[in-house]
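# A closer look at the structure
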Amino acid sequence: MNAPLNMNRRGLLKATLVGGAVLAFDARFAFAQAPGEKAVIINAYIRVLPDNRFVIGSKNPEIGQGVKTMLPMLIAEELDVDWAQVTAETTIADEKTYGMQVAGGSFTTPMNYMPMRQIGAAARQMFIKAAAARWGVPEATLTTGGGRVSQTSGSPTAKHSVTYAELAAEAAKIAAPDLKTVPLKDPASFKIIGKSKIGVDTPAIVAGKPLFGIDVKKPGLLHAAIEACPAYGGTLTSFDEAAVKALPGIIAVVPLNSGYNPKGPHDAVAIVAESWWVANQARSALKPVWNMEAQKRFSSAAFKASAEAKMAAAPEDSIHKAGDAAKAMASAAKTVTARYEYPYIAHATLEPQNCTALFKDGKIEFWAPTQLPADGRKVVSEALGIAPEAITIHMTRIGGGFGRRLMNDYMAQVAQIAKALPGRPIKMIWTRTDDLRHDFFRPGGWHDFKAGIDGSGKLVAFTDHFITYGKEGKPDTGAAMTATEFPAPLLADVDLSVSYVESNVPTGYLRAPSSNALAFAFQSFLDEVALAGGLDLPELMRRTLGEARLMKHGNRPGMDGSVPEFNTGRARAVIDKVCQMAGWKGRTGGDAGDGVRKGRGFGFYYSHRGYFAEVVDVTVAKTGKVSVDKVWVAGDVGRQIINPINALHQAQGAVIDGLGQALSGQKIEIKDGAANRTNFHDYPLPRIVDAPADVVVEWVISDNDTTGLGEPALPPVIPAIINAIFAATGKRIRSLPVVPADLAV
């Protein structure tokens, strides 16, 4: 039901906390104090200022998911300081000190919830030890609160109170306690965790202050624009370097490898100038000649024809097979068949790809909006042939990631430019057209479904021949489907198979990887199955889920080292909750007069360890335009909502993101091996007027580990919209995006 994010990086976060005289140099460097700042470094995450304020580090990239606020909240809670005393700061990228630093897979919370609390608690113990030593009193007589240590019991009779700032120098010399055994707060006493905190960068964002990679300014900064081969896999034959250099303001012209063909020939050219406008305008004089004849055979039309041929043939491989689906299908009371498909789509981040780098004395320093800096370090090391230790990465705030900035091609590109012009920082910025045409796209796919039901509407057999992009028997990045796709693990007779269509198009992970597409296909088809059995989708889901039980969810561990499990009871709980929230009374919809139709749809999905069920109300105009009126969301992400206001916004944002994928017309078409979208006029994003009037979110709190929220609320909204359109119009949408003309009356 969810393809795990597989990056081949270290699985377990090894959070270390070293204090005082034995604090590792790299930890001090990673969280060194600002110039002129009279602060005491307690550990790699905490600095204490003289006025008893605290700079607390957030080690993971901030892409709008709220970790720059959330991670310091965890530390501050156990450190026992007031949130008003805290300034959050993104740390440097240093995996030796901080372990895995990544924004992806909704792993930040499950990987860091306990370690960050332990880091704060350990520092608190260091302050207590310092106070006990100063006063010559037992530690057990001391309490903390608001960044102070106080003696409130025991002897001597005179009681003491001191700020952490006054104790900082002494505390920094004390060895930190074992993180595994440090006492943590009872959640009932939380003062920060579970309380809504506005994003620490929100005031600056509203004021338009520079925070993002595209805002970076450095003394002597040069600017670069890049012209890359339109067809993926093509190479550079020639270009008019002299014509470009003859233009005023041009500093250099640098051929490079874009990252689509690692270690291959040049397939791009960078133009460097004193201003980005000058560099970008000079692209018109470049007159590149590309070798891309071999790529011209790749097109959306060719992919579709190949997929249809694959569907007519025997599958190339098996994903999951149990029992005898063909025999069970033959004896079923009724069978349902349908084919679904979805296209390549782009990440379309509002901040286009960019990066700044300075190469000097054999070393390189980056200011990079990267979701996975460790991979960026590796990519640059290989591209430049320098040691990873010679690379410094400052993580800027990211103006939209959604998985695009996991790839780090922009780091490799600017690294090559910076090395060609050592001693001066280079900022490379893509145009919107560059961004839409040179993405690592969400892969498309095709499904040939068949389901068998008995006389009561119960699902007894299920098959899917999945056609996806790949070659040599392996799916392209982000194109896989696992054996755990619902309802496969719950049926005795099931057959999931796969065949591959070869493509030259680079692919990657997009918010809720695989799940964003698979949820549409599976939950929409299951709505068809439910209808054939005289049920609605929530009831079919309940009957298929059965009694509450814990099931293994695949064999591949996630980035935290554990193998996820699927709890049918938690799934049923969110289904029941959202039906209660929306007043669900079964499938409803139809003609509302004057060609207007209204409908209600349902969708469920388990993704990135989060359980979400959603109900959507839509209106379909006479023209076929679909408006989403209201959405109800029920989610279970464990026992603790860390920052309620951010959790609400993450769920609401995911809904709007999914709405855009279904209704806005998002579709990347390939012709002659190249993408043909240029800007938001031909690759539209949902606007304010497209957003639902209300997205109601409620949490089902369960006694399970706290997990992430960046992704799991997105997948179910897409089939819920599609199922609502059917309820309104009686027309099944089996291909995305929705085309209004197909629904017009």
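Residues numbered from 1 in each chain as written. Predicted model: local features only at pLDDT ≥ 70, side-chain atom pairs only at ≥ 80, totals over all residues. Heavy atoms only, no water.

So, about the overall build of the protein chain. Looking only at helices and strands, the protein chain has 18 helices and 32 strands in total. The globule rule puts the C-alpha radius of gyration for 745 residues at 27 Å, and the 28 Å found for the protein chain is close to it. Here the C-alpha coordinates of the protein chain stretch approximately 85 × 75 × 50 Å along the principal axes. Each of the 745 residues in the protein chain was classed as buried or not, and the buried ones make up 59%. Within the protein chain, contacts between residues at least 6 apart in sequence are counted, and of these 76% link residues at least 24 apart. For the protein chain, the exposed surface amounts to about 27900 Å²; the carbon and sulfur share of it is 54%. Counting 80 positive and 73 negative side-chain charges, the protein chain places the centres of these two groups 2 Å from one another. (Helix = DSSP H or I, 4+ residues; strand = E, 2+ residues; numbered from the N terminus. Rg over C-alpha atoms; globule rule 2.2 N^0.38 Å. Buried < 20%, exposed > 50% of the residue type's maximum accessible area, 1.4 Å probe, protein only. Contact = heavy atoms within 4.5 Å. Areas by Shrake-Rupley, 256 points an atom, 1.4 Å probe, with all protein chains shown as cover. Lys, Arg positive; Asp, Glu negative; His and termini not counted. Charge placed at Lys NZ, Arg CZ, Asp CG, Glu CD.)

Between the first and last C-alpha of helix 11 (residues 373–384) there are 16 Å, a value that for 12 residues agrees with the 16 Å anticipated at 1.5 Å per step. Along helix 11, the positions that sit buried rather than exposed are Pro373, Asp375, Gly376, Arg377, Val380, Ser381 and Leu384. Looking at the buried positions of helix 11, the neighbouring elements they touch are strand 5 (92–93), helix 3 (95–98), strand 16 (354–360), strand 17 (363–368), strand 18 (391–395) and helix 12 (409–420). Following helix 11 by one or two positions, glycine 385 has its phi on the positive side, about 70 degrees. (Expected span 1.5 Å × (residues − 1).)

For aspartate 476, the location among the structural elements is in the loop between strand 22 (474–475) and strand 23 (494–501). The charged side chain of aspartate 476 is buried without a salt bridge, its nearest counter-charge being lysine 471 at 6.3 Å. When sequence neighbours within four positions are dropped, the list of residues in contact with aspartate 476 reads Tyr469, Gly470, Lys471 and Thr507. (Salt bridge = Lys/Arg side-chain N within 4 Å of Asp/Glu carboxyl O.)

This part takes up the sheet that holds strand 11 (residues 250–256). Whether parallel or antiparallel, the strands of a sheet pair through hydrogen bonds between backbone atoms. Strands sit in the order 5-18-17-16-19-9-12-11 across an open sheet of eight strands; the sheet is mixed. Bordering the open sheet on either side are strand 5 and strand 11, each of which pairs with just one other strand. As defined by bridge partners, strand 16 adjoins strand 17 across five bridges and the pair is classed as antiparallel. Across the sheet, residue threonine 356 finds its bridge partner in strand 17, namely tryptophan 367. Here helix 11 sits on the sheet in contact with strand 5, strand 16, strand 17 and strand 18, set at roughly 145 degrees to strand 18. Across the sheet, helix 12 is in contact with strand 9 (222–228), strand 11, strand 12 (268–273), strand 16, strand 17, strand 18 and strand 19 (426–429); its angle to strand 16 comes to roughly 35 degrees. (Pairing = 2+ DSSP bridges. Axes fitted to C-alpha atoms, helices over the stretch in contact; angles between N-to-C directions.)

All right, on to unusual backbone geometry then. At the junction of phenylalanine 486 and proline 487, the peptide bond is cis and its omega measures out at 15 degrees in the coordinates. Along the chain, proline 487 turns up in the loop between strand 22 and strand 23. Between leucine 736 and proline 737 the backbone carries a cis peptide bond, its omega angle lying at -5 degrees. With respect to the helices and strands, proline 737 occurs in the segment after helix 18 (717–729). Phi is positive for phenylalanine 402, close to 55 degrees, though the residue is something other than glycine. Following the sequence through the fold, phenylalanine 402 ends up in the loop between strand 18 and helix 12. Positive phi is not limited to glycine here, since aspartate 594 has a value of about 60 degrees. Among the residues examined, aspartate 594 registers a relative accessible area of 69% and is labelled exposed.

What follows deals with the pairing of strand 27 (residues 596–607). Consecutive residues of a regular strand have side chains that alternate between opposite faces of the sheet. Along strand 27, 10 of the 12 residues are buried, which leaves the element largely enclosed by surrounding structure. With four bridges joining them, strand 26 (residues 589–593) and strand 27 adopt antiparallel strand pairing. Bridging from a neighbouring strand, glycine 590 pairs with lysine 598 of strand 27. What sits between the antiparallel neighbours strand 27 and strand 28 (residues 610–620) is a turn of two residues, in which histidine 608 has the positive phi angle 50 degrees.

Glancing now at the pairing of strand 7 (residues 148–151). Strand direction decides the pairing type here: strand 6 (residues 142–145) and strand 7, joined by four bridges, are antiparallel. Residue pairing across strands places threonine 143 opposite serine 150, the latter belonging to strand 7. Linking strand 6 to strand 7, which pair antiparallel, is a turn of two residues; within it glycine 146 sits at a positive phi near 60 degrees. Strand direction decides the pairing type here: strand 7 and strand 8 (residues 161–163), joined by three bridges, are antiparallel. Pairing of arginine 148 across the sheet is with threonine 163, part of strand 8.

Next up on the list: helix 14 (residues 515–532). The end-to-end C-alpha distance of helix 14, which contains 18 residues, comes to 25 Å, matching closely the 26 Å that a straight helix rising 1.5 Å per residue would cover. Counting buried residues in helix 14 gives 16 out of 18 residues, a clear majority hidden from the surface. Looking one or two residues past helix 14, glycine 534 carries a phi angle of roughly 75 degrees, positive in sign.

Now for the pattern of salt bridges. Summed over all chains, the structure comprises 44 salt bridges. Close ionic contact of glutamate 539 with arginine 542 constitutes a salt bridge, the shortest N to O distance being 3.3 Å. In this pair, glutamate 539 and arginine 542 both sit in helix 15 (residues 537–545), three residues apart, roughly one turn of the helix. Take arginine 542: its relative accessible area is 17%, and that puts it in the buried class. In this structure, glutamate 669 and lysine 667 form a salt bridge, with 4.0 Å as the shortest nitrogen-oxygen distance. Judged by its relative accessible area of 31%, lysine 667 is partly exposed.

For the rest of this paragraph, the subject is the nonpolar core. Counting residues in hydrophobic clusters, the biggest one holds 88 residues, and the most contacted among them are Phe462, Phe602, Phe604 and Ile725. Element by element, the count of residues in this core is highest for helix 14, at 10 residues. Sequence-distant contacts of isoleucine 725, defined by excluding residues within four places in its chain, comprise Val618, Val626, Leu663, Gly730, Lys731, Ile733, Val738 and Leu743. Counting 55 residues, the second-largest nonpolar core is a separate cluster that includes Leu71, Leu79, Val137 and Val149. (Core = buried A, V, L, I, M, F, W, Y, C linked by side-chain atoms within 4.5 Å.)

With that out of the way, let us pick up the packing of aromatic side chains. Per the stated rule, a full pass over the model turns up 25 aromatic pairs. Centre to centre, the rings of phenylalanine 298 and phenylalanine 303 are 6.3 Å apart; their planes meet at 40 degrees, and the pair counts as tilted. Across the pair, phenylalanine 303 and phenylalanine 298 agree in class, each one buried. Measuring from ring centre to ring centre gives 6.5 Å for tyrosine 342 and phenylalanine 520, while their planes differ by 80 degrees; the resulting arrangement is edge-to-face. One end of the pair, tyrosine 342, is in strand 15 (residues 334–342); the other, phenylalanine 520, is in helix 14, with 178 residues separating them in the sequence. Across the pair, phenylalanine 520 and tyrosine 342 agree in class, each one buried. Among the aromatic side chains, those forming a connected cluster through ring pairs are Tyr232, Tyr260, Phe298, Phe303, Tyr344, Phe440, Phe441, Trp446 and Tyr469. Against the face of phenylalanine 726 rests arginine 732, its NZ or CZ located 3.7 Å from the ring centre. (Phe/Tyr/Trp six-rings, centres within 6.5 Å; stacked < 30°, edge-to-face > 60°. Lys NZ or Arg CZ within 6 Å of the ring centre and 35° of its normal.)

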